[in-house]
Amino acid sequence: MVLDQQTTEPLVRAEGLSFERGDRVIFDKVNIEIPRGKITAIMGPSGCGKTTLLRLIAGQLKPKTGTIFVDGLEVPRLSRKDLFTLRKRMSMLFQSGALLTDLSVFDNVAFPLVEHTDLSEEAIRTLVLMKLEAVGLRGARDLMPSELSGGMARRVALARAIALDPMMIMYDEPFTGQDPISMGVLIRLIKLMNDAMHLTSIVVSHDVKETLSIADYVYILSAGKVVGKGTPDSLQTAGSEWVKQFLNALPDGPVRFHYPADDLAKDLVSGDRS
Amino acid sequence: MIRALGRMGISAFGWLGRSWIFLFYVLSGMFGVIKRWRDLISQLYSIGVLSLVIIVVSGFFVGMVLGLQGYNTLVDFGAAESLGVVVALSLVRELGPVVAALLFAGRAGSALTAEIGLMKSTEQISAMEMMAVDPLHRVVAPRLLAGVIAMPLLAAIFSAVGVYGGYFVGVGLLGVDDGAFWSQMQSAVDFHEDVMNGVIKSIVFGFVVTWIAVFEGYDTIPTSEGISRATTRTVVNSSLAILALDFVLTAIMFD
C-alpha cells in the first residue's frame, strides 16, 4: 500500500508557486506536477523562467509564495544540510555542461564519487569508465574540458550527472547550439538513461521538435503561467491558438510578428524620425 | 537624493552583511581543508610561490632605495653606520608587511577574484552546489587559508631581500662599514617588539586581502563586466584596507 502510494505520487509537485525578480513576475501561482519515471518537458519562449523553475526545484532559489515538494520533502523549508542530502539524489545538466575546468574528463566524472562515497580508487575507476562508456566517451577520459566540443562537454556532464545514480535528472536547454549529429546523440541518451535507469527526467527546452519526440508529458509556460499541458499529441490537437503557434513555430498568430506601431502608411508620410 | 542615499546605505550594509555571513560559512569549512591538504598545497603554490618573483624583485629595489636615502640622511650626522638599523627597522615594522601585502593584493588577490568569478559565470559554482558539494568549503576555504599562510612568509622574504638590497647599496657601493651595518642592526632590532609585530601585521593583511578577494569573486555579477569590476574592487578595497589597518595596528603596537 505504502509502496503504491510512493510510486503513484508525483516526484515533484509545485503548489501555487510564485517568484519575482525585482519588479518582474516570473511565476504567478503556478501548479506543476512531475510524474515519476517519465520524461516531462517544460517549454516556453526565452526568458519565461524555465531555468528558474529548475533552480527552484533544486532549492538554489526560494519561492516568494507557494511551495515545492520533491519526493515528499518541502524544498524551501529544508536546512542546508538536508538540502545537500536531497541533492545527492538529483542531478542537473547545465546548458554549458559546467565541467570543472581544472580537472580532466575522468576526474570530473569521478568528482561526485570522490566527494560523497568511501569507494576505493579501483572501484571509482571502474564506475567512471562505465559511466563514460554509457555516453560513448571512455576514450576521451584524459582530455581537459577545454579540448572538448560543446556536445562532448554535455555528454561528459551527463556522465557526471549519473555518477551517483540519482532518482532525477534536470536538463537545462540540452539541445541549444548542437549540430544535428550531437543533437541526435543527446536525444537518444536522455531517452535511454531515463528508461534504463528508471530515472525521472525534466527537460527544459524551446527546441520543440526534439523535445516532443522524447517527452511523455509537456508543460508550456508563458508570462508566468502554465498556458498548456498534456501529452505531446493532445497539445498538438487540443492546445490553444498560442500553444499551436508556439509548437508549430508559426511567425504570426496570437504573438504578432510586428512590434506594436502606428499605421505604416501614416508613419511613412509623417516624416517624423522619432 | 534622500532615496539615493538610502539605497546606497542599504547596498553598503547588505554588502557588509553578506561578506560576514560568507566568512562564517567559509571558516566553518576549515577543518575539511586539513583533510584535503592537496588542495591547500596547490593553492599555496599558485598564491604564494607564483608571487615570489614580484616580491623578491620589489623587495630588493625597496631595500636599495632605503639604503640610498638612509645613507644620504645619516651621513650628514656622521651616523652612516646606523644604516643597517634604519633599513631593517623600516622593513620589518612597516614596509615589509605593507608593500608585500599591496603587491600580494595586485598579484594574487586579483587572480583569486577573477578565478572564482569565472567559475561562477561558467556555472561551475552552481554545478558544485547541485552536486551537494559546498563551494565555500571546497573552493573558497583552501584559498583563504593559503592566503593567510603565504602572506607572512612573503612579507618575511620581502624584508630579508630588502635588507640585502640596503646592504648592497650601503656597504657595497657607498662604503659603510660591513661589521657596523650588521652589529648595529642586531642590537637595535628586537625580535618580539619589531619582528613579531611585523609578522602579526602581515597575517592580518593576508587574511583581509584574501577575504576581500574571494568574497568579491563569489559575490560578483557573473558577466565579463561584473568580473572586471569585482577584480578592480578587490585591488582598490584591499589596498585601502591594508593602509587603514596598518595605521590602526601600528597605533596599538608601537604606542
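Definitions and limits used
- Residues numbered from 1 in each chain as written.
- Chains lettered and ligands numbered in written order.
- Predicted model: local features only at pLDDT ≥ 70, side-chain atom pairs only at ≥ 80, totals over all residues.
- Heavy atoms only, no water.
- Helix = DSSP H or I, 4+ residues; strand = E, 2+ residues; numbered from the N terminus.
- Buried < 20%, exposed > 50% of the residue type's maximum accessible area, 1.4 Å probe, protein only.
- Contact = heavy atoms within 4.5 Å.
- Pairing = 2+ DSSP bridges.
- Axes fitted to C-alpha atoms, helices over the stretch in contact; angles between N-to-C directions.
- Right-handed = clockwise from strand over helix to strand, strands pointing away.
- Salt bridge = Lys/Arg side-chain N within 4 Å of Asp/Glu carboxyl O.
- pLDDT = per-residue confidence, 0-100.
- Buried area = accessible area lost by both parts, 1.4 Å probe.
- Polar contact = N/O pair within 3.5 Å; in protein donor to acceptor, adjacent residues only side chain to side chain.
- Nonpolar A, V, L, I, M, F, W, Y, C, P; charged D, E, K, R; others polar.
- Phe/Tyr/Trp six-rings, centres within 6.5 Å; stacked < 30°, edge-to-face > 60°.
- Lys NZ or Arg CZ within 6 Å of the ring centre and 35° of its normal.
- Core = buried A, V, L, I, M, F, W, Y, C linked by side-chain atoms within 4.5 Å.

Participant: Please explain the overall build of chain A as it appears in this structure.
Facilitator: Within chain A, the regular secondary structure consists of 11 helices and 10 strands. Taken over the C-alpha atoms alone, chain A extends approximately 80 × 50 × 35 Å along its principal axes. Buried positions account for 47% of the 274 residues belonging to chain A. Within chain A, contacts between residues separated by at least 24 positions form 63% of all contacts whose residues are at least 6 apart in sequence.

Participant: Where do I start with the sheet that holds strand E2 (residues 24–34) of chain A in this structure?
Facilitator: Hydrogen bonds along the backbone pair up the strands of a sheet, which may run parallel or antiparallel. Residues and elements named next belong to chain A. Spatially, the 4 strands line up as an open sheet ordered E2-E1-E4-E5, and their pairing is antiparallel. For this open sheet the edge positions go to E2 and strand E5 (73–74), each flanked by a neighbour on one side alone. Bridge analysis of strand E1 (residues 12–21) against strand E4 (residues 65–70) gives 5 bridges, and the strand direction is antiparallel. What sits directly across from Ser18, in E4, is Thr65. On the sheet, helix H2 (residues 50–57) packs against E1, E2 and E4 and is oriented at approximately 120 degrees with respect to E1.

Participant: Just to check I follow, could you spell out the pairing of strand E8 (residues 200–205) of chain A for this structure?
Facilitator: Looking along a regular strand, one sees side chains alternate from face to face of the sheet. All names here are of chain A. The element E8 is largely enclosed, with a buried count of 6 among its 6 residues. Both faces of E8 are covered, namely the face carrying Thr200, Ile202 and Val204 and the face carrying Ser201, Val203 and Ser205. With 5 bridges joining them, strand E3 (residues 39–43) and E8 adopt parallel strand pairing. Of the residues in E8, the one forming a bridge with Ile39 is Ser201. The sheet contact formed by strand E7 (residues 168–172) and E8 spans 5 bridges and is parallel. Each residue of the ladder has a partner; that of Tyr171, found in E8, is Val203. Read from E7 through helix H7 (residues 180–196) to E8, the crossover connection turns out right-handed.

Participant: What am I meant to see in the pattern of salt bridges here?
Facilitator: Following the criterion strictly, the structure yields 23 salt bridges over all chains and no others. Linking Arg55(A) and Glu123(B) is a salt bridge whose minimum nitrogen-to-oxygen distance equals 3.6 Å. Highlighted residues: Arg55(A) in helix H2 and Glu123(B) in the loop between helix H5 (83–121) and helix H6 (124–130), drawn from two different chains. Take Arg55(A) and Glu123(B): they sit in the same class, and that class is buried. Linking Glu225(B) and Arg229(B) is a salt bridge whose minimum nitrogen-to-oxygen distance equals 3.2 Å. Of this pair, Glu225(B) and Arg229(B) both sit in helix H10 (residues 224–253), 4 residues apart, roughly one helical turn. In the salt-bridge network here, residues are joined through shared partners; they are Glu115(A), Arg36(B), Asp39(B) and Arg138(B).

Participant: Looking at this structure, I do not really get the confidence of the model for chain B. What am I missing?
Facilitator: Close reading of the predicted structure is inappropriate where its pLDDT is low. Taken as a whole, chain B shows an average pLDDT of 92; of its residues, 100% reach a score of 70 or greater. Across the interfaces of the predicted complex, the ipTM metric reaches 0.79, alongside a pTM of 0.83.

Participant: Where do I start with the interface of chain B and chain A in this structure?
Facilitator: Interface extent is often summarised as the accessible area lost during association of the parts. Each partner contributes to the interface: chain B provides 16 residues, whereas chain A provides 23 residues. The contact between chain B and chain A buries some 1700 Å² in all, and 57% of this surface belongs to carbon and sulfur atoms. It is Glu123(B), Met130(B) and Met131(B) in chain B that bury the most area against chain A; as a group they hold 39% of the surface buried on that side. Put simply, Glu115(A) and Arg36(B) hold a salt bridge, and the shortest N to O gap is 3.5 Å. For the interface between chain B and chain A, the tally reads 10 residue pairs in polar contact (both at pLDDT 80 or more). Taken together, the elements giving at least two residues each to the side of chain B that touches chain A come down to H6 and helix H7 (135–173) of chain B. With 6 residues, the single largest contributor to the side of chain B that touches chain A is H6(B). The class makeup of the residues in the side of chain B that touches chain A is 8 nonpolar, 3 polar and 5 charged.

Participant: I would appreciate a short explanation of the packing of aromatic side chains in the present structure.
Facilitator: Under the defined criterion, the tally for this structure stands at 13 aromatic pairs over all chains. Between the aromatic rings of Tyr217(A) and Tyr219(A), the centroid separation amounts to 5.5 Å while the plane-to-plane angle is 65 degrees, which identifies the pairing as edge-to-face. Chaining the aromatic ring pairs together yields one cluster made of Trp15(B), Phe22(B), Phe215(B) and Tyr218(B). Between Arg80(A) and the ring centre of Tyr25(B), over which it is positioned, the NZ or CZ distance is 4.9 Å.

Participant: Explain the nonpolar core to me, please; I cannot follow it from the model alone.
Facilitator: Across soluble globular proteins, nonpolar side chains have a tendency to be buried as a group. Grouped together as the largest cluster of nonpolar side chains are 60 residues, with contacts concentrated most on Phe22(B), Val26(B) and Val140(B). Per-element accounting of this core gives the leading share, 15 residues, to H5(B). Discounting residues that sit within four places of it in the chain, Val26(B) has contacts with Leu136(B), Val140(B), Ala141(B) and Leu144(B). Core analysis: the second largest hydrophobic core is formed by 36 residues, Val30(A), Cys48(A), Leu78(A) and Met90(A) among them.

Participant: Just to check I follow, could you spell out the pairing of E4(A) for this structure?
Facilitator: Residue and element names in this part refer to chain A. Both E4 and E5 contribute to a ladder of 2 bridges, which runs antiparallel. Bridged to Phe69 within E5 is Glu74. Connecting E4 to the next strand, E5, in antiparallel fashion are 2 residues, including Asp71 with a positive phi near 50 degrees.

Participant: What exactly am I supposed to notice about the sheet that holds strand E6 (residues 90–93) of chain A here?
Facilitator: Residue and element names in this part refer to chain A. Ordered by their spatial adjacency, 6 strands build an open sheet running E6-E7-E8-E3-E9-E10, and the pairing between neighbours is mixed. Edge positions in the sheet fall to E6 and strand E10 (225–230), since each has one partner strand and no second. If you compare each strand with its neighbour and ignore which way they point, the axes differ by 15 degrees on average. Contacting E6 and E7, helix H6 (residues 150–161) runs over the sheet at an angle of about 175 degrees to E6.

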